[in-house]
Amino acid sequence: MSYLSHTRRCTADSRVGGASNQSVSRRRQKEKVVCFFARLPWSTRMLQDSEMPGFFKDYFRVIRKSVSNDEFNQFSKLKTDAERVRFIFNLPAAHEIDIQTFYKGKSEKEAMEKKEAGNKLFGRKKNMEALKLYSQAVVHAPVPTGKYWRLIKECADPKKMTLYAICLANRSAALFHLKEFYYCIKDIDEALEHHYPRELKHKLYKRKGRLLVNMRQYVDAREAYRQALKWLDWAKVEREKRIDLQGDVQKWLKMFEGSKNLVNHENEFDPSVLFPKVPELCQGKNEQYPSLSKKITINEDNSQGRYAIAKEDIEPGDALVTEKPYASVLLREEFGSHCQNCFMLTKAPVPCKKCSSVLFCSVECRNASYFHQIECPILDLLVGSGMSINCFLAFRIITQSPISFFLEMQDKLENEKLKETTEAKELYDPTDFFRLFNLVTHSEQRTPEDWFHRTCMVVFLLKALKKTKYFEDKGTQINYPLFKDKVDKVNDVEAYIGALLLHFLQVVQFNAHEVSEFVTLTPKSLTGAKNETIGAAIYPTLALFNHSCHGAQVRYFSGNRVITKAIRHIAKGEIVPENYGQHYASKNKSQRRNALLDRYWFECSCEACQKDWPLFKEMEHKVMYFKCHKCQGPLPVNIAQTVIPFFKCDRCGDQTNILGALKNLQNTEQTFKAACKEMETFDLEKAESLLVENMKQLDAVLYPPYKDYHLTQEAYMRCCLHAGNHRVGDPKPDPKPEES
Ligand SMILES: C[S@@+](CC[C@H](N)C(=O)[O-])C[C@H]1O[C@@H](n2cnc3c(N)ncnc32)[C@H](O)[C@@H]1O
């Protein structure tokens, strides 16, 4: 369900993420076996989504063509990001496109129509349907900002001024009947803050009073009834009716006055329950890396950079990471249904005050979204450029903080000792800008063409940013001339922001993650369920995990917060890897290694690559690797030819009788069957714990790869995904498979 009636139309030709999603689904079609590991689905090297229309392609071509070989040589010798930005900015060709701002503004007409349609359904007690229409009305209604008297003076149309509040109030009535009390109160408060007609206010306060009584918030309820009584003086009703209404309210007030110790009981309604539960980290928070479990720490070496390792044995099911993103961006096609700030599905959306292009789940999320105040007038321009979601993410890192924030950082960033100040032993705070800044960029390996392409994108983004109020922050104007109207000039502050953008375009290339939501066809079945991408985000601690084609964690989300849990045993001292979308069971070694080299610029040498593990469909299990009872070393056993159950370990020389292990394997079968039953009856918590037990049983006996372990992991991951962001509905359709 989208509350933005024109979002879908608009996405057909100018989506940020639509085409990316197509490529995800396409990949999934091919990877029927493992589909929950994907890191960033869109090509992380590309600045523009290759499948998307958009003018950036042409913009880049024009600039590149305008540069002579000599000029390009000059560019390739530049050393700093700011120099590169200035170079491209000073090219006349960079100013050949005219950047226009454009608000997808409010529509009084549309709001009125939706409200009227909602009223009809509400009158027929179709509250759910009415709620949807009222929500659309709320999104399209002009939001009066500023003081009432000022708006009157400016001759604002009084009807226009109250429309937003009336739509909210109507929606609150539908929410009341749907017993969605939390959202109902939120709507009432928002309506009262936005010029709800004073002659009707008594009704809203009375509704609020009833709700608060329901929620056992008696002190607040008394205040709401007092307000109702006060505003009844303005009600346009016959005298008798007024007396009636007053009597009703006074009855409640008397009841409150009469009761001793009137209190607000503990509010059962905690808004955090709206989010999927975030588990406690296994053994609690790591003191140095608060997003990690105590069982993990971060190491560093010359060949692999930083990576996570196990400080002690990790078992399947252990919660290893929970982290809020430093920045996140919702896919364009989710704009009509999810909150821009926290990515939650919105039940009663709150719109931007100026445009009707985006939604928030609450006033709090709207207030927390400084980035949208900046991006609002250029959102369609950015979308129309066809830039990838990665570029959007780099841009968001800038737009989510005011310019003053970056100016304060400037000296520190230029300080050569930056690395030292953020190194070892110190707290690794994922909200710290410097931690983000220090993520991998591989700048030293970039080609001049790569720098040129990236810098053109930066110049486009900078030109767009200059069209907003971003650079109008006080500090900038004092120290630097504002070139707001001079579109082809860049001052020091703008060049500095451009340099940061160039840096973060590189950071997101290697460190961004997709954010997903699990879509089930019905509320109580996982059959046909799919994990779908809804956005992208950057998690400064999770970004420190290196890749292995034999992934060790399932990743799922609560809003835009990431959670990971172990899906296999990892011994103390071993690397705790992530999987960057290249799993051994679904892609062969050369496919994986090529993709990793292409996207992440490293050659994978994980165990699956070194031993060239088979694909899932090719696992035959003639030879299985049992564990030596003494040293845990691998014992290769050819099941078909085995007569004597004793096997000598190559590592320690001891003999192991595998009969016990074979018996245990039979038990694991029972556990798996029991878990499947629980999944069928939809007791996913029970299923989850049986699957954890099953993984532990298998871990005790055999080394991977083998089918049973993989199937257990898959089932477990589905249970975890269901515990995270979840929607019931039709998954996005898979496009036709790619021609090979
Ligand atoms: C998301 S970062 C991982 C953290 C990174 N190692 C660091 O020092 O910050 C991705 C980069 O890490 C390196 N990397 C990841 N997995 C690797 C692996 N298995 N072997 C070698 N390098 C790896 C690559 O340079 C890759 O571009």
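Residues numbered from 1 in each chain as written. Predicted model: local features only at pLDDT ≥ 70, side-chain atom pairs only at ≥ 80, totals over all residues. Heavy atoms only, no water.

In the annotation of an unreviewed UniProt entry, the protein is listed under the name SET and MYND domain-containing protein 4 and assigned to Penaeus vannamei.

**Student:** Would you take a moment to explain the pairing of strand β1 (residues 296-301) for this structure?
**Tutor:** The pairing of β1 with strand β2 (residues 305-310) spans six bridges and is antiparallel. When the bridges of β2 are listed, N299 appears paired with Y307. Counting the residues in the hairpin turn of β1 and β2 gives three residues. (Pairing = 2+ DSSP bridges. Helix = DSSP H or I, 4+ residues; strand = E, 2+ residues; numbered from the N terminus.)

**Student:** What's the story with helix α18 (residues 403-414) in this structure? I'm lost.
**Tutor:** For the α-helix, the turn length of 3.6 residues means that residues three or four positions removed from each other point alike. Given a rise of 1.5 Å per residue, 12 residues ought to cover 16 Å, and the 17 Å separating the end C-alpha atoms of α18 matches this to within 8%. Where α18 is concerned, the buried positions are I403, F406, M409, Q410 and L413. Looking straight down α18, one finds its buried side chains confined to an arc of 140°; they lie on one side. Every exposed residue of α18 that faces more than 90 degrees away from the buried side is listed here: E408 and D411. (Expected span 1.5 Å × (residues − 1). Buried < 20%, exposed > 50% of the residue type's maximum accessible area, 1.4 Å probe, protein only. Arc of directions from axis to C-beta.)

**Student:** Which parts of the structure should I look at to understand the site of the ligand?
**Tutor:** Close to the ligand lie 16 residues, the nearest being R306, H442, N546, H547 and Y600. Contact distances for the ligand include 2.8 Å between a nitrogen atom and a side-chain N or O atom of N546. H547 places a polar main-chain atom, nitrogen or oxygen, 2.9 Å from a nitrogen atom of the ligand. When isolated, the ligand has an accessible area of 560 Å², and the protein chains bury 92% of it. Among the secondary structure elements, those contributing two or more residues to the shell around the ligand are β2 and α23 (492-511). (Near = heavy atom within 4 Å. Polar contact = N/O pair within 3.5 Å; in protein donor to acceptor, adjacent residues only side chain to side chain. Areas by Shrake-Rupley, 256 points an atom, 1.4 Å probe, with all protein chains shown as cover.)

**Student:** Explanation requested: the sheet that holds strand β12 (residues 634-638) in the structure shown.
**Tutor:** For sheets, the rule is that strands pair by backbone hydrogen bonds, running either parallel or antiparallel. The strand order across the open sheet built from three strands is β12-β11-β15, with neighbouring strands paired in antiparallel fashion. Whereas interior strands pair on both sides, the edge strands pair on one side only; in this sheet they are β12 and β15 (702-703). Bridge analysis of strand β11 (residues 623-627) against β15 gives two bridges, and the strand direction is antiparallel. Within β15, the position partnered with F626 by the bridge is L702. Its contacts with the sheet place helix α27 (residues 684-701) against β11 and β15, and it is angled at close to 95° to β11. (Contact = heavy atoms within 4.5 Å. Axes fitted to C-alpha atoms, helices over the stretch in contact; angles between N-to-C directions.)

**Student:** Got a minute to help me understand a nonpolar patch on the surface in this structure?
**Tutor:** A surface patch of nonpolar side chains, about 240 Å² in accessible area, is lined by I639, L659 and L662. With respect to the helices, strands and loops of the structure, I639 is situated in the loop between β12 and β13 (646-648). Residue I639 is classed as partly exposed on the basis of its relative accessible area of 38%. (Patch = residues over 30% accessible without salt bridge, like charges linked within 9 Å, V, L, I, M, F, W, Y side chains within 5 Å. Salt bridge = Lys/Arg side-chain N within 4 Å of Asp/Glu carboxyl O.)

**Student:** Just to check I follow, could you spell out the sheet that holds strand β9 (residues 553-558) for this structure?
**Tutor:** Overall, antiparallel pairing links the three strands, which are arranged β3-β10-β9 in an open sheet. Edge positions in the sheet fall to β3 (319-323) and β9, since each of these pairs with one other strand and no more. Put simply, the sheet's adjacent strands are angled 15° from each other on average, direction ignored. Sheet topology places β9 next to strand β10 (residues 561-566); six bridges connect them, and they run antiparallel. Of the residues in β10, the one forming a bridge with V554 is K565. Helix α28 (residues 707-723) contacts β9 and β10 of the sheet and is inclined by roughly 15° relative to β9.

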